[in-house]
Amino acid sequence: MEMTGFFPLLWWTLGGVAVVGTAVYLFMEYQAYLLRTSVISVPGGLRFVAQGFTVESRHGSKEIIVVARDGRHTRQPLAGGDEEVQTGSLSVTLPAVGMKIDVSRISVKGQDGEAATATGFSRITLVATDETMQKALGRSGGDRSEVRLDRVPDPIATDFQQFANGLRAWIDKIEQQIAAQAEAQRQREAEAAAAAAGLAVVPEEDPTVPLSEEEREARAGAQLEKWRKAAGFKGSSTEMSFDARGKIVWLIDLDQTGRVILHAGDRTFHGSLMGAAVVGIGSEVEVAVRDDYWSEDDPRLVAFRVLGGSTPENRRAWKERLDLLIQSLGGKSAQRPT
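Bear in mind that the values here come from a model prediction, so they are computed numbers and not experimental data.

Trainee: Describe the side chain of Thr125, with residues and values.
Mentor: By the secondary structure assignment, Thr125 is in strand S7 (residues 117-129). A relative accessible area of 13% places Thr125 in the buried class. Those residues in contact with Thr125, other than ones at most four positions away along the chain, are Lys100, Ile101, Asp102, Glu146, Val147 and Arg148.

What follows is the structure in structure tokens.
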């Protein structure tokens, strides 16, 4: 080959390599851009921003605003009536009080008894009802709304779970304030009625008076003992979290034989870990178990999220311990809720 022909060919080759390299780099940057999330401060609240949707808290009005490029919104009057359904582009304002937020991985059911396969996507569901607020205002009626976002990439769902944990703490605080105000109002009405009838009023516990750590622990311990008595066993490894009034928020009480007591989201379970599934989600560990309604025809599991606020090392140790116990029990794994 003559040198006069070699150099143009070399330059063309180097140019092609540069173009391909640039294309690969731009593609990788675009993929990272699609998975990028952020939490920004807005007047009177916070906003979670991701490709395809935003979720914003409005602290003054105690509302949550969901804007999505593609989602599903259903609204059902609590007093009865036709359900309203909206799909596609959404802009929905929901009451924060009474809201439940769920982030769950989407999996495909395996064939011939094989384990479910992760799809790489999650589902975000926000369920809200203004019944609590209506009752606090002395009104009846209200609506139940559900906003569902499907096919959210798992990395975005994981970031959103962290944001949702903060929302949950904010919502809990609002609900506690409303409950305290309602209780104070009820107490005032009871005292007024008793005074009108000439009766002595026996004072009830004032929820605004803080409890000591010992009192909170004693109340949580008493609740655990009731659950242990109902379950018929006592765990050897136990962790829990309780609120300012000693009410257990989440609990895991594990027996080395593979039995467990779980509590989270105002639900309690006691039974075997056979067929259970364990996964780490954000700053929590989700333990999904077979309840009384589980069957081969409907193999979905009931999920409990525990260990919120625990250290990553502690959550990892619990997950390994649970995985080993589940494996030792054998049996065919059931399906986690999707």
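Trainee: Which residues make up the packing of aromatic side chains, and what are the values?
Mentor: Counted by the stated rule, this structure contains 6 aromatic pairs. Plain terms: the ring middles of Phe48 and Phe163 are 5.6 Å apart, the flat faces sit at 35° to each other, and that makes the pair tilted. Of this pair, Phe48 sits in strand S2 (residues 45-50) while Phe163 sits in helix H3 (residues 154-197), placing them 115 residues apart in sequence. Plain terms: the ring middles of Phe269 and Phe304 are 6.3 Å apart, the flat faces sit at 40° to each other, and that makes the pair tilted. One end of the pair, Phe269, is in strand S12 (residues 267-272); the other, Phe304, is in strand S15 (residues 302-306), with 35 residues separating them in the sequence. Taking relative accessible area as the criterion, Phe269 reaches 9% and is therefore assigned buried. With a relative accessible area of 2%, Phe304 lands in the buried category. The ring of Phe304 carries the charged tip of Arg267 above its face, separated from the ring centre by 4.6 Å.

Trainee: Quick rundown of the sheet that holds S12? Include the residues and the values.
Mentor: Spatial strand order, S9-S10-S11-S12: 4 strands in an open sheet with antiparallel pairing. Looking along the sheet, the strands with just one partner apiece sit at the ends: strand S9 (237-242) and S12. In this sheet, adjacent strand axes meet at a mean angle of 5° when their direction is disregarded. Across the sheet, helix H5 (residues 312-329) is in contact with S9, strand S10 (248-254) and S12; its angle to S10 comes to roughly 50°.

Trainee: Describe the pattern of salt bridges, listing the residues and the values that go with them.
Mentor: The tally for this structure, following the rule as stated, stands at 16 salt bridges. For Asp255, the salt bridge identified is with Arg259, shortest N-O distance 3.7 Å. Note on Arg259: relative accessible area 33%, which makes it partly exposed. Here Lys319 and Asp323 are joined by a salt bridge, their closest N and O atoms 3.0 Å apart. With Lys319 and Asp323 both in helix H5 and 4 residues apart, this pair spans about one turn of that helix. Classification of Asp323 as partly exposed rests on a relative accessible area of 22%.

Trainee: Would you mind going over unusual backbone geometry in detail, with residue names and values included?
Mentor: Among all residues save glycine, negative phi is the norm, and among peptide bonds the norm is trans. Positioned with a positive phi, Asp266 is a non-glycine residue whose angle comes to about 65°. Topologically, Asp266 is positioned in the loop between strand S11 (259-264) and S12. Exposure remark for Asp266: the relative accessible area of 54% places this residue in the exposed category. Residue Leu307 is not a glycine yet carries a positive backbone phi of 65°. Note on placement: Leu307 falls in the loop between S15 and H5.

What counts and what doesn't
Residues numbered from 1 in each chain as written. Predicted model: local features only at pLDDT ≥ 70, side-chain atom pairs only at ≥ 80, totals over all residues. Heavy atoms only, no water. Helix = DSSP H or I, 4+ residues; strand = E, 2+ residues; numbered from the N terminus. Buried < 20%, exposed > 50% of the residue type's maximum accessible area, 1.4 Å probe, protein only. Contact = heavy atoms within 4.5 Å. Phe/Tyr/Trp six-rings, centres within 6.5 Å; stacked < 30°, edge-to-face > 60°. Lys NZ or Arg CZ within 6 Å of the ring centre and 35° of its normal. Pairing = 2+ DSSP bridges. Axes fitted to C-alpha atoms, helices over the stretch in contact; angles between N-to-C directions. Salt bridge = Lys/Arg side-chain N within 4 Å of Asp/Glu carboxyl O.

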